[in-house]
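Structural overview for review
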Amino acid sequence: MTTETVQQVRQEEELSGQELLYVGKSFSRVDSFEKVTGHSIYGVDFNLPHMLFGKFKRSEVPHAEIVSIDLGRALKVPGVRAIITGKDLPETLFGAGLSDTPIMARNRVRYIGEPIAAIAADSIEVASDAADLIEVKYNEIPSIYDPEESLKQNPAIVIHPDLMSYKVTPKLPPVRDPNLPNVSNHVRVRKGETESAFKSADKIIENRFTTNLVQHVHTEPNATVAKVENDGSVTVWTSTQSVYRARYMLSEALQLPATRVRVVTTEVGGGFGNKLNSIVSEAVAVMLSKVTGKPVKIQLSREEVFAATTTRHPFVIYVKDGVMKDGRIVARQIRAILDGGAYSGGSGVTVGRNTVFGAVTTYDIPNLWIDTYRVYTNKIPAGAFRGFGTMQMTWALECQMDYISESLEIDPFRLRMINVLKEGRLSAIGEKLSKIDHVAVLTEACSILDLGRKSTLPYPWRSGKGIALGEKYSGEPGACASIRFRSDGLIEAFVSVQEIGQGTRTAVTQIVAEELKMPLQNIHIVQADTFLTPYDAGAVSSRQTYCIGNAAILACLDLKKNILQVASKKLGISSDLLYIGEGLVYMPDGKSIKIADLFTRGKSRYGVFLEKGDEFWGYGTWFVETGDLDPETGLATLPRINIAYTSGAWGVEAAVNVETGEIRLLRTIAVANAGKIVNPKLAETQVEGAVSQGISTSLYEELILEQGKPTNPDFKDYKVMSALDAARIHVKLLEIPSGDGPYGAKPLGEVGIVGIAPAIANAIHDAVGIRINDLPITRERVLKAISAKAAS
């Protein structure tokens with residue numbers, strides 16, 4: 001069943017005037033008691049009897065051939081049960097788009113922190129001691145750290161000589177070019193006659209922007225437990241954002257049929273994209289379990305999380321705009337260089353494609369030329385991160401909009417309104433955008449900010465206001481759901497919800513309760529488990545409530561149909577005349593019977609059953625066909641590329657200390673088109689959290705590498721926004737229903753982070769007249785720019 005089925009049912013309910021009992025209300029999270037009392041079992045909490053502990057020996061050099069690995073001293077440590085190296089593993093590569101990553105290095109290392117060997121021991125302390133005793137001899141190779149150097153046709157170093165022979169997925173394959181040997185994906189868009197439009201423009205405005213290398217800073221470190229069963233099958237319990245993606249990559253890496261790999265999620269203490277990108281710990285734990293015959297747990301230290309798991313892609317973005325005096329942008333050229341680090345970072349290879357969406361869905365520009373290059377360097381691999389690609393592109397383009405505004409002396413709000421892409425128009429890639437409202441969110445944000453009014457602060461403080469406009473796409477269409485109604489009224493929803501802190505479990509519970517008109521306490525969401533719960537892509541791209549919610553609705557419809565068929569037979573009344581609510585089947589005369597009474601009783605000594613089975617079931621699959629970008633033109637191959645877009649606008653009032661460069665955010669505003677809100681409080685806090693993360697990565701965070709080695713890989717040295725620094729955030733959600741989300745809901749988890757950085761930068765410029773084109777916007781950079789402005 002597809003989205004049209006869901007829409008039809010929603011329209012019929014609206015016509016009948018049914019009141020929503022659960023959707024649209026701020027119920028407490030269904031897992032709140034377990035969370036606040038410490039009963040939730042996270043990956044770091046999960047243990048099995050007789051379990052061993054795993055630890056990695058990691059590369060200490062950024063690029064080298066492995067000459068030898070001496071395990072002798074490590075094997076003699078009491079309590080060490082096994083040590084494996086890359087040569088003990090299947091000689092395969094894994095990845096979610098491009099298979100370029102070994103489980104552990106075999107002959108070559110490509111970044112500091114790459115795993116070379118793994119130890120299983122009686123305790124983590126013993127394993128750590130043994131890792132220190134492993135001796136690795138290297139033949140070092142020159143490294144490359146500059147993504148612009150790596151992009152060249154003849155770079156000094158080729159990091160993956162076999163790149164062109166690597167396996168790619170048939171869906172969304174990367175575009176490689178033998179003339180660009182360090183480029184893992186090149187995405188291009190060609191629309192209109194860009195060169196001639198530049199020639200006819202009144203002004204040409206060009207700038208270069210960069211974004212910083214940051215870590216996800218999820219609270220719970222990555223942790224996994226693996227056990228090889230007696231029949232050779234594998235069970236993995238892991239803190240992941242997608243059990244099915246993990247299963248796919250594990251089966252590829254270990255060369256096992258997917259049906260022989262069971263992945264069970266634990267509770268997940270945050271992810272923000274990091275826990276989608278790799279299955280190295282999971283695969284190594286499996287192999288150590290196979291060798292030792294015991295379960296093996298691998299839990300990364302905080303330093304390992306920072307130094308050896310994926311980061312956000314740092315970007316270098318060149319923007320060239322041809323503009324007319326009346327404010328119209330008639331031509332735009334974008335060249336974006338995405339530093340991908342040493343490997344594809346799981347799904348990181350798709351970031352270039354996703355970056356394009358941030359460039360084509362906000363403004364209506366008739367002539368557009370885009371090239372995005374994801375390049376290899378000898379750094380920590382980069383992967384998915386909240387706002388995946390769109391945030392970095394929006395940073396550049398929304399700063400560029402204010403450059404244009406200043407040059408043409410046109411108000412920033414008016415300039416955006418002149419160029420904004422409106423509802424129903426085709427984007428530059430030929431995708432018709434519906435249910436977006438950039439105008440509404442921008443107007444609301446500017447109204448709340450009171451953009452035209454200036455504040456006066458005592459010296460040495462100066463205040464200013466800035467705005468930004470953007471959107472966040474949502475991809476990965478499709479989800480499945482199975483709903484079981486038990487004889488005692490308990491309803492079990494078998495859905496692969498990945499609860500990583502955003503409240504999706506609660507939202508789906510509310511949707512099921514709404515469909516069946518049953519109390520929330522009667523609904524139980526079964527933990528994601530590839531042996532029990534059906535397929536879903538996971539907590540990625542702000543899609544879970546949207547996709548799983550639709551699948552759950554369809555499963556509930558099927559469940560109700562099956563219940564009414566049995567009731568119809570029992571009552572002798574057509575099922576079309578019956579309806580369900582609160583565990584009852586209602587008849588036309590208002591009388592009712594309990595659904596529990598439809599179960600057959602008294603024919604079994606040990607329970608109740610139906611004539612055909614022992615419970616009522618309903619099944620639902622929601623899917624929409626989406627296309628890709630043509631590799632030559634960048635045009636959409638199908639009318640729909642993503643399942644939805646969510647519009648957002650940001651406003652910031654900032655105070656800048658002209659003597660110290662300190663920045664204080666006096667007011668921070670985020671407005672988004674949320675569609676129908678399933679749970680208002682959860683929705684608001686999702687956006688608030690995304691904005692907070694955006695402020696932190698814009699003003700404070702940066703992972704510093706020196707010759708490829710992290711110098712601040714822990715919370716002692718890696719600066720994040722503290723509670724004392726936190727800004728007051730005003731979130732305004734506009735309920736403009738989407739066409740095919742559940743009840744009209746739209747994706748919401750990431751949009752808050754997308755445009756906060758340029759809004760801050762634009763506010764700083766308004767305050768003190770300086771432009772910062774590089775993230776993070778530290779007080780040192782601000783003070784340096786103020787001093788340079790004064791000197792000039």
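Right above here is the structure, for reference.
Residues numbered from 1 in each chain as written. Predicted model: local features only at pLDDT ≥ 70, side-chain atom pairs only at ≥ 80, totals over all residues. Heavy atoms only, no water.

Right, let's get into the overall build of the protein chain. Along the protein chain, the regular secondary structure elements total 19 helices and 32 strands. Taking 28 Å as the expected radius of gyration for a compact globule of 792 residues, we find that the protein chain reaches 27 Å, a close match to that expectation. For the protein chain, the spread of C-alpha atoms along the three principal axes comes to 90 × 70 × 50 Å. Classification of the 792 residues of the protein chain by burial places 62% in the buried group. Across the protein chain, the fraction of contacts at a sequence separation of at least 24, relative to all contacts at a separation of at least 6, is 79%. As displayed, the protein chain offers around 30,400 Å² of accessible surface, 51% of which is attributable to carbon and sulfur atoms. Across the protein chain, 87 positive and 91 negative side-chain charges occur, with their mean positions spaced 1 Å apart. (Helix = DSSP H or I, 4+ residues; strand = E, 2+ residues; numbered from the N terminus. Rg over C-alpha atoms; globule rule 2.2 N^0.38 Å. Buried < 20%, exposed > 50% of the residue type's maximum accessible area, 1.4 Å probe, protein only. Contact = heavy atoms within 4.5 Å. Areas by Shrake-Rupley, 256 points an atom, 1.4 Å probe, with all protein chains shown as cover. Lys, Arg positive; Asp, Glu negative; His and termini not counted. Charge placed at Lys NZ, Arg CZ, Asp CG, Glu CD.)

Let us look at the sheet that holds strand β18 (residues 329-339). Here we have five strands laid out as an open sheet, ordered β11-β19-β18-β17-β12, and mixed in their pairing. Both edges of this open sheet fall to β11 (183-191) and β12 (203-210), since each of them pairs with a single strand only. Mean inter-strand twist for the sheet, computed between neighbouring axes without regard to direction, equals 5°. Two elements, β18 and strand β19 (residues 368-375), share eight bridges in a ladder whose sense is parallel. Bridging across to β19, Asp339 finds its partner in Val375. Against the sheet, helix α10 (residues 351-360) touches β11, β17 (315-323), β18 and β19, its axis set at about 150° to β19. (Pairing = 2+ DSSP bridges. Axes fitted to C-alpha atoms, helices over the stretch in contact; angles between N-to-C directions.)

Attention now goes to the pattern of salt bridges. When the charged atoms of two side chains lie near each other, side chains of opposite charge can form a pair. The full count for this structure, using the stated rule, is 44 salt bridges. Across the pair Asp31 and Arg505 runs a salt bridge, and its minimum N-O distance is 2.9 Å. Taken together, the residues Asp31 in the loop between α1 (3-16) and α2 (32-37) and Arg505 in helix α14 (residues 504-516) connect sequence positions 474 residues apart. The residues Asp31 and Arg505 share a single accessibility class, namely buried. The residue Arg505 makes a salt bridge to Glu267 at a minimum N-O spacing of 3.1 Å. Pair noted here: Arg505 is in helix α14 and Glu267 is in the loop between β15 (261-265) and α8 (280-292), with a separation of 238 residues, a long-range link. Residues Arg505 and Glu267 agree in their burial class; the two are buried. One continuous salt-bridge network, built from bridges that share partners, spans Arg29, Asp31, Lys35, Glu267, Glu499 and Arg505. (Salt bridge = Lys/Arg side-chain N within 4 Å of Asp/Glu carboxyl O.)

What follows deals with the packing of aromatic side chains. A complete count under the given rule lists 14 aromatic pairs for this structure. Relative to Tyr343, the ring of Tyr111 lies with its centre 6.2 Å away and its plane at 75°, an arrangement referred to as edge-to-face. In this pair, Tyr111 is assigned in the loop between β7 (108-109) and β8 (115-121) and Tyr343 in the loop between β18 and α10, connecting sequence segments 232 residues apart. Each member of the pair, Tyr111 as well as Tyr343, carries the same accessibility label: buried. (Phe/Tyr/Trp six-rings, centres within 6.5 Å; stacked < 30°, edge-to-face > 60°.)

With seven of eight residues buried, β19 is to be regarded as a mostly interior element. Both β11 and β19 contribute to a ladder of eight bridges, which runs antiparallel. Paired with Arg190 across the strands is Trp369, a residue of β19. Following the backbone out of β18, through α10 and into the adjacent parallel β19, one traces a crossover that is right-handed. (Right-handed = clockwise from strand over helix to strand, strands pointing away.)

The strand order across the open sheet built from seven strands is β3-β8-β1-β16-β13-β14-β15, with neighbouring strands paired in mixed fashion. Two strands lie at the open edges of the sheet, namely β3 (80-85) and β15, each paired on one side alone. In this sheet, adjacent strand axes meet at a mean angle of 25° when their direction is disregarded. Where strand β13 (residues 223-228) and strand β16 (residues 296-299) come together, four bridges link them in antiparallel fashion. Bridge pairing in β16 places Ala223 opposite Gln299. Against the sheet, helix α7 (residues 243-254) engages β14 (234-238) and β15, with an angle of about 145° to β15. Of the strands in this sheet, β1 (52-58), β3, β8, β13, β14 and β16 are in contact with α8, which crosses β13 at around 35°.

The N-to-C vectors of helix α11 (residues 390-408) and helix α18 (residues 756-768) enclose an angle of 30°; their axes lie 8 Å apart at closest approach. The angle between α11 and α18 places the two elements in the roughly parallel class. For the crossing formed where α11 meets α18, the hand is right-handed. Residues Met391, Thr394, Trp395, Glu398, Cys399, Asp402 and Glu406 of α11 pack against Ala757, Pro758, Ala761, Asn762 and His765 of α18. Per-class residue counts for the contact of α11 with α18 are six nonpolar, three polar and three charged. (Parallel < 35°, antiparallel > 145°, perpendicular 65-115°, else oblique. Left-handed = near helix turned anticlockwise from the far one by under 90°. Nonpolar A, V, L, I, M, F, W, Y, C, P; charged D, E, K, R; others polar.)

Once that is clear, we can look at the side chain of Asp740. For Asp740, the position within the fold is in the loop between β32 (729-734) and α17 (751-754). A distance of 2.6 Å separates the side chain of Asp740 from the side chain of Arg640, its partner in a polar contact. (Polar contact = N/O pair within 3.5 Å; in protein donor to acceptor, adjacent residues only side chain to side chain.)

Further remarks concern the nonpolar core. Ranked by size, the top nonpolar core spans 110 residues in total, and within it Trp395, Trp650, Leu665, Ile695, Leu733, Ile760 and Ile777 carry the most contacts. Excluding residues that lie within four positions of it along the chain, Ile777 makes contacts with Trp395, Ile663, Ser698, Leu699, Ala757, Ile760, Ala761, Ile764, Ile772 and Val782. (Core = buried A, V, L, I, M, F, W, Y, C linked by side-chain atoms within 4.5 Å.)

A few words on the packing of α10 against α11. The interhelical angle for the contact between α10 and α11, taken along N-to-C directions, is 35°, at an axis separation of 8 Å. At the point where α10 passes α11, the crossing takes the right-handed sense. Contacts between α10 and α11 involve Asn354, Thr355, Gly358 and Ala359 from the first element and Thr390, Met393 and Leu397 from the second.

Here the focus is the state of the cysteines. In the structure shown here, the tally under the stated rule is zero disulfides. The thiol of Cys446 is not disulfide-bonded; the next cysteine sulfur, from Cys399, is found 16 Å away. Unpaired in terms of disulfides, Cys547 finds its nearest cysteine sulfur in Cys480, a separation of 11 Å. (Disulfide = S-S within 2.5 Å.)

Moving on, we come to the environment of Phe272. With respect to the helices and strands, the residue Phe272 is situated in the loop between β15 and α8. For the pair Phe272 and Thr361, spaced 89 residues apart in sequence, the C-alpha separation works out to 23 Å. Sequence-distant contacts of Phe272, that is, excluding residues within four places in its chain, are made with His216, Val217, His218, Gln241, Ala384, Phe385, Arg386, Ile500 and Gln693.

Moving on: unusual backbone geometry. Residue Pro460 is reached from Tyr459 by a cis peptide bond, and omega for that bond is 15°. Along the chain, Pro460 falls in the loop between α13 (438-449) and β20 (461-474). Going from Leu775 to Pro776, the amide bond is cis rather than trans, its omega being 0°. Considering the arrangement of structural elements, one finds Pro776 in the loop between α18 and α19 (779-791). For His50, which is not a glycine, the phi torsion comes out positive at approximately 60°. Note on placement: His50 falls in the loop between α2 and β1. Owing to a relative accessible area of 65%, His50 belongs among the exposed residues under this scheme.

As far as function goes, none of this settles anything; it's purely spatial.
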